[in-house]
Amino acid sequence: MADPAPKSFTEQLAFQQLGENSWTTLHPPQRMGNALPIAYGGYALAVACKAACLSVPKGYHLYSFLGNYLGPASTDRPLRAVARTIRQTRTFATRQVQVSQIQDDGTPRVCLSATADFQAPEQGSVLVYSRPPSRQYAHHVGLPSTLDAAAQLLQAGKISAAQHAAFAAAFAVAAGLFTSRPCPEGVFAQNLSGLAKALPHSQDALPLSARTTADWFRSATPLDTSAEHLAALAFYADGALSFCPLSFSHLYLDDSAACSSLDFALRVFGPVDVGEWLLREISTSVGGEGRTFSECWIWDEQGRAVACMSQQSIMRVLPGKGKL
């Protein structure tokens, strides 16, 4: 059976309330490139983030969202989220959130557990500053979309028709949720996010920990609430962190026995409008012990850092092979 037509982010993350601080999505997660009926981890992350935001009083703003992926979610059933109050003061609010799916026998299977911290607005800031991107990237004006950039690689003879078709199929749902434009200075724009792993890229001479990729993105459809903006931010920030070390190294998912995120730490530094263009830069810092540590930073068009996502991920060696 063919996958259903992609839904907008608001429709995909639509909630039905089950009880106090308890919700279920109206739709199962849509498949995004995985050959198995396993959901992209950003779905569970976005559901948990939205639930946490809905559980706090008006006027509290998310600044820290930390947790663990406990198992893959399935694409054949909705996600449930339950938020529990850990702290509620005039200044801070803390929520513990679990995302699960109800199994055929009626028991819940937990996919993700997270802690979300919120703060009421302060009177001001002693210092206002943020770090810039690690290198200069092209502005989004005039850049091709992710799918158009892939078509250009095909037209230039740098990738095969089969590679282009595989990438376009894997990216179809994401393209309906977000408008994205890869920066030509980044690795992903040059090697089809790593799928064309034999292609050289302009950062080959750099050590792995100094290589980066970047893209501009915004929601493809309007988002109505702050909770939806933050959920969309969490969804997008989750992307590619588990496999970027492979893609930066002329390897891809088939070069690892397992490659998926284990934990996450999303830090939000101020108001976020995912309806406006945002710049994301991805890098990786450490690999070893069967794990990698990677992160992305996100800036608005004025150069203000609005968020950072870091993750440790499993990267298991294929049987019969040494270290990658």
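The shown structure was predicted, so the numbers you read here are calculated from the model rather than taken from an experiment.

Asks: Explain the nonpolar core to me, please; I cannot follow it from the model alone.
Replies: A general trend in soluble globular proteins is that nonpolar side chains are found buried together. Core analysis: the largest hydrophobic core is formed by 82 residues, its most contacted members being Phe9, Tyr43 and Phe65. Looking at which element gives the most residues to this core, the answer is helix 2 (residues 41-54), with 10 residues. Apart from residues lying up to four places away in sequence, Phe65 is in contact with Leu45, Ala48, Cys49, Ala114, Thr115, Ala116, Phe264, Ala265 and Leu266. Residues Cys183, Trp216, Trp299 and Ala305 belong to the second largest nonpolar core, which totals 11 residues.

Asks: I would appreciate a short explanation of the state of the cysteines in the present structure.
Replies: Every disulfide links exactly two cysteines, by a covalent bond between their sulfur atoms. As enumerated under the stated definition, the model contains 0 disulfides in all. In this structure Cys244 is a free cysteine whose sulfur lies 8.7 Å from that of Cys259, the closest cysteine sulfur available. You can call Cys244 buried: its relative accessible area is 0%. Cys308 forms no disulfide, and the closest cysteine sulfur to it belongs to Cys296, at a distance of 6.7 Å.

Asks: What's the story with the UniProt feature "domain: Acyl-CoA thioesterase-like C-terminal" (unreviewed entry) in the chain in this structure? I'm lost.
Replies: Feature annotation in UniProt places "domain: Acyl-CoA thioesterase-like C-terminal" (unreviewed entry) on residues 205-315, given in this structure's numbering. Helix makes up 14% of residues 205-315 and strand makes up 45%, while its end C-alpha atoms are separated by 23 Å.

Asks: Got a minute to help me understand unusual backbone geometry in this structure?
Replies: Leaving glycine out, the prevailing phi sign among residues is negative, and the prevailing peptide bond configuration is trans. Phi is positive for Ser193, which is not a glycine, with a value near 60°. Phi angles above zero are rare outside glycine, and His250 is one such case at about 60°. Here His250 lies in the loop between helix 7 (244-247) and strand 9 (258-261). Look at His250 and you get partly exposed, because its relative accessible area is 28%.

Parameters at a glance
Residues numbered from 1 in each chain as written. Predicted model: local features only at pLDDT ≥ 70, side-chain atom pairs only at ≥ 80, totals over all residues. Heavy atoms only, no water. Core = buried A, V, L, I, M, F, W, Y, C linked by side-chain atoms within 4.5 Å. Buried < 20%, exposed > 50% of the residue type's maximum accessible area, 1.4 Å probe, protein only. Helix = DSSP H or I, 4+ residues; strand = E, 2+ residues; numbered from the N terminus. Contact = heavy atoms within 4.5 Å. Disulfide = S-S within 2.5 Å. UniProt positions renumbered as here; feature names shortened; annotations may be inferred.

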